[in-house]
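# Working through the structure, step by step
These are the residues of each chain, in order.
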Amino acid sequence: MSWQIGDVTLESRFFLGSAGYPSPEVLRQSILASGAQVVTLGLRRQLGIDRNAQSDNGFVDVVRSTGVHLLPNTAGCRSAREAVTLAMMSRELLGTHWIKLEVIGDEQTLQPDPWELVQAAEELVRNGFEVFPYCTDDLVSCQRLLDVGCRILMPWGAPIGSGQGLINPWALRTLRARLPDVPLVVDAGIGAPSHAAQAMELGYDAVLLNSAVAQAHDPVKMAAGFRDAVAAGRAGFEAGIIQPQAMAVASTPVTGRPFIL
């Protein structure tokens, strides 16, 4: 079933990152296998700011050849000013007003800086961007981002690249309950298809991940596995998952009239 994010209608609920693949061709095949319609791009690499990154000649063309929507990100930024500057450059370079906003506040956990994040989001929204803020699962911080004009939120499942899965399902469940009409995308920390399915079962609209596919022994096969897990989790949520019970509940009636087929 199609859904709306920003001003775009999508069929897939799986967003894919594009960093760290063995080759551009493996990336291309992984995107196609994933069924993803949104792929993120690291702006510091594309603009040549990160000198430690490998050359990406033709990289954007490889991603665009799959027909996806580009979602440039400000990964590596440490201040609102740096993130806003990078976003402005990306709009000129890539021709999209979408931006995945990342402003990191801690070097070890790569946790977002909530103050700088809100400041950057406010300025970018004012300048016509559709801002996809990478944030924590803190409800108050998320509300502040909505207050400055964000229409989408991307709370983390766990620290970036950790593969831990959803470390605080309660907080994610609370966000979903308190913000029922806001598109929510679990971003970061997902390591296995089961983690993606769990996020979707909580009622999240989509998941975004990168390392779990890019660093797999077979990225293309893993991309397909995540595609199926996301679809299965969403189907479970829409169908209505039964509530856990403290005691056994008989699934076969043991009273009443017996019948024989």
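The structure this text deals with has already been given above.
Okay, so let's go over this structure. (Residues numbered from 1 in each chain as written. Predicted model: local features only at pLDDT ≥ 70, side-chain atom pairs only at ≥ 80, totals over all residues. Heavy atoms only, no water.)

### Notes on helix H10 (residues 219-239)
In this model H10 runs 30 Å from its N-terminal to its C-terminal C-alpha over 21 residues, within 8% of the 30 Å that 1.5 Å per residue would give. Buried residues of H10: Pro219, Ala223, Ala224, Phe226, Ala229, Val230, Gly233, Arg234 and Gly236, and no others. Those residues of H10 hidden inside the fold are in contact with strand S3 (14-16), helix H1 (24-34), helix H8 (193-201), strand S10 (206-209) and helix H9 (211-214). Following H10 by one or two positions, Gly240 has its phi on the positive side, about 100 degrees. (Helix = DSSP H or I, 4+ residues; strand = E, 2+ residues; numbered from the N terminus. Expected span 1.5 Å × (residues − 1). Buried < 20%, exposed > 50% of the residue type's maximum accessible area, 1.4 Å probe, protein only. Contact = heavy atoms within 4.5 Å.)

### With respect to the pairing of strand S6 (residues 98-101)
What you see with S6 is no split at all: Trp98 and Lys100 on one side and Ile99 and Leu101 on the other are buried throughout. Relative to strand S7 (residues 130-135), S6 runs parallel, the two sharing four bridges. Within the sheet, the bridge partner assigned to Trp98 lies in S7 and is Glu130. Taken together, S6, helix H5 (residues 114-126) and S7 form a β-α-β motif whose crossover is right-handed. (Pairing = 2+ DSSP bridges. Right-handed = clockwise from strand over helix to strand, strands pointing away.)

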